[in-house]
Amino acid sequence: MGLLLATPRARAARALRRLVHDPGSPLAGRTVLVTGASSGIGEATALAVARAGATVLLVARRPEELERVRQEIEETGGRAAAYPCDLTDGDAVDTLVAQVLAAHGAVDYLVNNAGRSIRRSLDLTQDRFHDFERTMAINYFGPVRLTMGLLPAMREQGFGHVVNVLSWGVQMKAPKFSAYLASKTALDTWSRIAGRETYGDGVTFTNIRFSLVRTAMSAPTEAYAGRGASPEQAAARVVRALEDRPVTVNTPAGDVGELLNILAPRLSDWLFHRFDAMFPDSRAARGE
Ligand SMILES: NC(=O)c1ccc[n+]([C@@H]2O[C@H](COP(=O)([O-])OP(=O)(O)OC[C@H]3O[C@@H](n4cnc5c(N)ncnc54)[C@H](OP(=O)(O)O)[C@@H]3O)[C@@H](O)[C@H]2O)c1
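Overview of the structure. Keep in mind that this is a model prediction, so the values were computed, not measured.

**Describing the side chain of T215**
With respect to the helices and strands, T215 occurs in the loop between β6 (203-210) and α9 (231-244). For T215, the contacting residues outside a window of four places in its chain are G40, I41 and P231.

Structure representation (structure tokens):
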């Protein structure tokens, strides 16, 4: 689906590479910054991007985990640098941007992957306004501040691509995810609009709306146990989005959910309400 939406130039470049049997990736020799590179989808993406020949800038809070990923990349002949940063701290993000630009010049590709998911019903959220604040801080304000910091240099060099790791829930509007999905939807919408403004400067955005991936994030929800794609499968889709630069990468189920929301919104409400009743709040959401 996403491929159908790839920019014509990116599709033509991919076709040309296949035609001349050139296995090379457009990421080779480029600088790619991946947030949330200390685990899960971000770690797998960092490793895959390094294998494609890019210099990877690893960002997350835990320095020892970033160092582990950096060493793994360098031991296999890749290039990487670690930048520990709490993306919810605005000053820290500004410092990160200054450090990265000074050391590497313009970043060619940015993967806004760091995130926090909360699956909790409204009932349990009643006295937890911080659920809304925390998800906005890491899923929206952090990536917007980082992207805004890196955009001017991308625009000046006439090239840049930003991939946002989002959720199919932005299309589905799944119950119990109101805090999480509102913050992901904010980034989805912001990027879509930003991309229209930067299009003329060669800077583009992709919104990937993933379904379930087996990571530390999905683990606390008992209903998800053992389900979903592997981090490596998800990373392969991120790499493809970096290479092809489609506007969105969706799942068929996400597209069906979005269509149902448009064509029959009350039917959609009824179906989701019935479905949701089958899956109560997890023990983690209840604080057990
Ligand atoms: N797993 C799924 O089913 C699924 C589905 C759709 C979308 N997603 C999205 O995929 C992305 C990656 O999640 P994942 O599943 O790979 O989970 P994960 O393994 O828990 O990874 C989350 C990453 O975000 C980083 N992070 C969290 N808060 C941060 C902060 N304040 N500053 C900097 N980095 C921070 C974490 O690193 P530190 O703890 O070291 O900071 C970690 O590297 C998220 O945006 C998530 O919403 C996941």
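**Here we look at unusual backbone geometry**
The backbone of K173 sits at a positive phi, close to 65 degrees, despite the residue not being glycine. Mapped onto the elements of the fold, K173 is located in the loop between α7 (169-172) and α8 (178-198). For K176, which is not glycine, the phi dihedral falls at a positive 75 degrees. By the secondary structure assignment, K176 is in the loop between α7 and α8.

**Some thoughts on the site of the ligand**
Around the ligand sit 28 residues, and of these R61, N113, Y180, K184 and T215 come closest. Here an oxygen atom of the ligand and a side-chain polar atom of R61 are 2.7 Å apart. Between L87 and the ligand, the recorded distance is 2.9 Å, taken from a backbone N or O atom to a nitrogen atom. Taken by itself the ligand offers 880 Å² of open surface, and the protein chains cover 93% of this. Elements supplying a minimum of two residues to the shell around the ligand: α2 (40-51), β5 (160-167) and α8. Here the shell around the ligand is composed, by residue class, of 14 nonpolar, 10 polar and four charged.

**Section: the packing of helix α4 (residues 90-104) against helix α6 (residues 130-157)**
Contact geometry of α4 with α6 gives a least axis separation of 9 Å together with a crossing angle of 25 degrees. The angle between α4 and α6 places the two elements in the roughly parallel class. Judged by the sense of rotation from one axis to the other, the crossing of α4 with α6 is right-handed. Residues G90, V93, D94, L96, V97, V100 and L101 of α4 form the contact with α6, whose own contacting residues are R145, L146, G149, L150 and A153. Looking at side-chain class alone, the contact of α4 with α6 contains eight nonpolar, two polar and two charged residues.

**Some thoughts on the packing of α2 against α9**
Packing of α2 against α9 brings their axes to within 8 Å, and their N-to-C directions diverge by 55 degrees. With respect to α9, the element α2 is oriented oblique. For α2 against α9, the interelement crossing comes out right-handed. Of the residues in α9, those in contact with G40, I41, A44, T45, A48 and V49 of α2 are P231, E232, A234, A235, V238, V239 and L242.

Calculation rules
Every chain begins its residue count from 1, and numbering advances along the sequence as written. Only residues with pLDDT of at least 70 are given local features in this predicted model, and only at 80 or more are side-chain atom pairs given and counted; all residues enter the totals for whole chains, interfaces and linings. Each side-chain value is derived from all of the structure's non-hydrogen atoms; neither hydrogens nor water enter the calculation. Segments assigned H or I by DSSP are reported as helices when at least four residues long, segments assigned E as strands when at least two residues long, and all are numbered from the N terminus. A contact between two residues is defined here by any heavy atoms of the two lying within 4.5 Å. Throughout, the term near means that a residue has one or more heavy atoms lying within 4 Å of the molecule or strand in question. Polar contact is the term for a pair of N or O atoms within 3.5 Å; when the atoms are in protein, one must be able to donate a hydrogen and the other to accept it, and sequence-neighboring residues count only if both atoms are side-chain atoms. The method behind every accessible area is Shrake-Rupley, applied with a 1.4 Å probe, and residues are considered shielded solely by the protein chains displayed. When residue character is reported, Ala, Val, Leu, Ile, Met, Phe, Trp, Tyr, Cys and Pro are called nonpolar, Asp, Glu, Lys and Arg charged, and the others, Gly included, polar. Axis definition: a line fit to C-alpha positions, over the contact stretch in the case of helices; interaxial angles, taken between N-to-C directions, run 0 to 180 degrees. Any angle from 65 to 115 degrees is called roughly perpendicular, while one under 35 is roughly parallel, one over 145 is roughly antiparallel, and all others are oblique. Crossings are classed by handedness, with left-handed meaning an anticlockwise turn of the near helix from the far one by less than a right angle and right-handed meaning a clockwise turn.

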